[in-house]
Amino acid sequence: MELLQGSLYFIGDDFFRKVEDSNLMVNYATTPRPHYYAVRDVKMGLLWRIPCSSRVEKYQRIIHDRKNRHRSTLGVRIVKIRGEKTVLLFQSMFPIREKYIGGRYFRAGMPVLVANPETVEIIERQANRVITFIRRGIRFFPDQPDAMRIEKLMLEELAQAEE
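All values derive from a computational prediction rather than experimental measurement.

Novice: Is there a simple way to think about the pairing of strand β3 (residues 46-53) in this case?
Specialist: Regular strands show a simple pattern: their side chains alternate between the two faces of the sheet. Counting buried residues in β3 gives eight out of eight residues, a clear majority hidden from the surface. Taking every second residue as pointing to the same face, both faces of β3 are buried, with Leu46, Trp48, Ile50 and Cys52 on one and Leu47, Arg49, Pro51 and Ser53 on the other. Relative to β3, strand β2 (residues 36-41) runs antiparallel, the two being bridged by six bridges. Counterpart to Asp41 in the pairing with β3 is Leu46. Examined bridge by bridge, β3 and strand β6 (residues 94-96) share three bridges and lie antiparallel to one another.

Novice: What exactly am I supposed to notice about the packing of aromatic side chains here?
Specialist: Geometrically, a pair of aromatic rings is defined through the distance of the ring centres and the angle of the planes. Following the criterion strictly, the structure yields six aromatic pairs and no others. Where Phe15 meets Tyr100, the ring centres are 5.4 Å apart and the plane angle is 65 degrees; that geometry is what we call edge-to-face. With Phe15 in helix α1 (residues 13-19) and Tyr100 in the loop between β6 and β7 (101-104), this pair connects stretches of sequence that are 85 residues apart. Its relative accessible area of 0% is what places Phe15 among the buried residues. Accessibility expressed as a relative area gives 3% for Tyr100, which makes it buried.

Novice: How should I be thinking about the environment of Asp13 in this particular structure?
Specialist: Here Asp13 lies in helix α1. Here the alpha-carbon distance between Asp13 and Tyr100, two residues 87 residues apart in the chain, equals 8.1 Å.

Novice: What am I meant to see in the pairing of β2 here?
Specialist: Burial within β2 is extensive, with five of its six residues counted as buried. Alignment of strand β1 (residues 8-11) against β2, held across two bridges, turns out to be antiparallel. Across the sheet, Leu8 pairs through a bridge with Tyr37, a residue of β2. Counted along the chain from β2 to the antiparallel partner β3, the turn is four residues long, and its residue Gly45 has a positive phi close to 80 degrees.

Rules behind the numbers
Residues numbered from 1 in each chain as written. Predicted model: local features only at pLDDT ≥ 70, side-chain atom pairs only at ≥ 80, totals over all residues. Heavy atoms only, no water. Buried < 20%, exposed > 50% of the residue type's maximum accessible area, 1.4 Å probe, protein only. Helix = DSSP H or I, 4+ residues; strand = E, 2+ residues; numbered from the N terminus. Pairing = 2+ DSSP bridges. Phe/Tyr/Trp six-rings, centres within 6.5 Å; stacked < 30°, edge-to-face > 60°.

Given below as structure tokens:
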């Protein structure tokens, strides 16, 4: 499957069974949700997934509180997708292989994506900063997925597939 920049995707259940991380937002029983923004890590050959949330008011309060306490808001960003505010949870990013993509997110027959190229560039830049921090062992919140353990699993699997 070709990944289109700015598009949102689902993740298949087999990924969640493989990595067994209780801090990941897994699919609902009846539908493949939540959906994720994908950022390609060309150096490692993986995709980093940014969970999306519709709980805008909750995260607006968190951002406001963090700013008032002079704390970083790098872990969360609110963007417009199809004219609606959506929260990107950079703090919960994790890497996967393309084989675990469950499909592209469509609503009313139309693909859901970040259409503004400037917003896409901002997201990509912020994602790469967060990945750098995660690789340095910086945690954004206590219940953050173990992205480095997941990356190790995905790289091992990728190496085995290439043998």
